[in-house]
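# Commentary on secondary and tertiary structure
Spelled out from the first residue to the last, the chains are:
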Amino acid sequence: MPISLAVLEQIIREAGDIAMRHFKNLDNVEVIKKSPRDLVTEADVAVEAFLKQALAKAYPQYGFWGEESGQSDDQFNRWVVDPIDGTHSFAKGQYFWSISIALEIAGELVAGSVYAPALDDLYIAAKGKGATKNGKAISVSSEKSLDASMIATGFACLRSYLVENNLKRFCRIAEKTTGQRRFGSAAMDLCLVADGQVDAFWEQELNLYDVAAGALIAKEAGGTVTDFKGNEGVFPKQILVTNGGIFDQILLLM
Ligand code: IPD
Ligand code: CA
Ligand code: CA
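Reading the values: rules and limits
Residues numbered from 1 in each chain as written. Chains lettered and ligands numbered in written order. Predicted model: local features only at pLDDT ≥ 70, side-chain atom pairs only at ≥ 80, totals over all residues. Heavy atoms only, no water. Helix = DSSP H or I, 4+ residues; strand = E, 2+ residues; numbered from the N terminus. Rg over C-alpha atoms; globule rule 2.2 N^0.38 Å. Buried < 20%, exposed > 50% of the residue type's maximum accessible area, 1.4 Å probe, protein only. Donors = N, O, S within 2.8 Å, 3.2 Å for Na, K, Ca; no water. Near = heavy atom within 4 Å. Polar contact = N/O pair within 3.5 Å; in protein donor to acceptor, adjacent residues only side chain to side chain. Areas by Shrake-Rupley, 256 points an atom, 1.4 Å probe, with all protein chains shown as cover. Nonpolar A, V, L, I, M, F, W, Y, C, P; charged D, E, K, R; others polar. Domains from an automatic or database assignment. Axes fitted to C-alpha atoms, helices over the stretch in contact; angles between N-to-C directions. Parallel < 35°, antiparallel > 145°, perpendicular 65-115°, else oblique. Left-handed = near helix turned anticlockwise from the far one by under 90°. Contact = heavy atoms within 4.5 Å.

A word on the overall build of the protein. If you tally the helices and strands in the protein, you get 8 helices and 15 strands. The C-alpha radius of gyration computed for the protein amounts to 17 Å, which stays within 12% of the reference 18 Å derived for 254 residues, consistent with globular compactness. C-alpha extents for the protein along the principal axes are approximately 45 × 40 × 30 Å. Within the protein, buried positions represent 53% of all 254 residues.

Here the focus is the coordination of the calcium ion (ligand 2). Summarising the metal site, the calcium ion (ligand 2) is bound by the protein donors Asp-82 (OD), Asp-85 (OD) and Asp-210 (OD), whose distances to it range over 2.0 to 2.2 Å. Expressed as a motif, the donor residue spacing for the calcium ion (ligand 2) is D-x2-D-x124-D. Judged by relative accessible area, which is 0%, Asp-82 ranks as buried. We classify Asp-210 as buried; its relative accessible area is 9%.

Quick look at the site of ligand 1 now. In the vicinity of ligand 1, 16 residues are found, and the nearest of them are Asp-85, Gly-86, Ala-156, Arg-182 and Glu-203. Asp-82 is positioned with one of its side-chain polar atoms (N or O) 3.2 Å from an oxygen atom of ligand 1. Contacts to ligand 1 include Ser-185, whose backbone N or O atom sits 3.3 Å from an oxygen atom. Starting from 380 Å² of accessible surface for ligand 1 in isolation, the protein chains cover 95%. Among the elements of the structure, β5 (77–85) and α4 (156–159) are those that each provide at least two residues to the shell around ligand 1. Among the elements that make up the shell around ligand 1, the one with the highest residue count is β5 (3 residues). Tallied by class, the residues present in the shell around ligand 1 amount to 5 nonpolar, 4 polar and 7 charged. When residues of the shell around ligand 1 are sorted by domain, at least three fall in each of domain 1 (5–137) and domain 2 (146–251).

Glancing now at the packing of helix α1 (residues 5–23) against helix α2 (residues 42–58). Interhelical geometry of α1 versus α2 gives an angle of 160 degrees and a closest axis separation of 9 Å. Classified by the angle their axes make, α1 and α2 are roughly antiparallel. Seen along the crossing, α1 lies across α2 with a hand that is right-handed. Each of Val-7, Ile-11, Glu-14, Ala-15, Ile-18, Ala-19 and His-22 in α1 lies in contact with α2, whose residues at this interface are Glu-42, Ala-43, Ala-46, Val-47, Phe-50, Leu-51, Ala-54, Leu-55 and Ala-58. When its residues are assigned to classes, the contact of α1 with α2 shows 13 nonpolar, 1 polar and 2 charged.

No statement about biological role is implied by the geometric values presented.
Structure below.
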């Protein structure tokens, strides 16, 4: 194991403390518009700055790619970090946002953690070692009927004004399922599949830092991780993660 999960957990919790200090003081948190529909706050920047230095101190041998500060020199063995996933939710004072940290070595995701500080839920996994939530082993749901399933998705594509924007796909799938959710943090959506709280999640036009940790956690919890055609792997532009039981059925609607 190239890192200690206990060290990773300690670092993500410290990052959560920084995020929560801003979250409890939102009236004084600067919000910047990266684009008309895309925000970043001073909390995103502060959390990422902490993570970059803390991860470098603990594991100087790895590079860093963070959503807000970009890529360091070494991108072969790197931390892939979203300091606050669900910034819009964070900025509105909602509780559904998270910190996402994954370690990718030679193109393979080997460890990852997603922490939701406002909910105090911490998900963590290492390749081949299973996934846990708050220290307890988790697994995907046993639901086998698409008609009875609950699914989650997101609409980042709308922010990019894309013509191919998930709305038609959402309507196709919503008609065939019992429950639909749009929680606002892709990293957390993936952990909810891992924890059996939803039976599948899909989204398009994401980035690796949105999904790397959550996809590993979902896979280690027994989930399928594919693109919209069913090709195995983490494809941020077209990610589909399921409990396995509804995989074949939902794939037909993608
Ligand atoms: C966003 C969240 C959201 C997803 C957006 C992402 P951000 O991350 O993951 O659920 O739908 O596409 O951009 O921008 O808040 O880090
Ligand atoms: Ca994100
Ligand atoms: Ca973010």
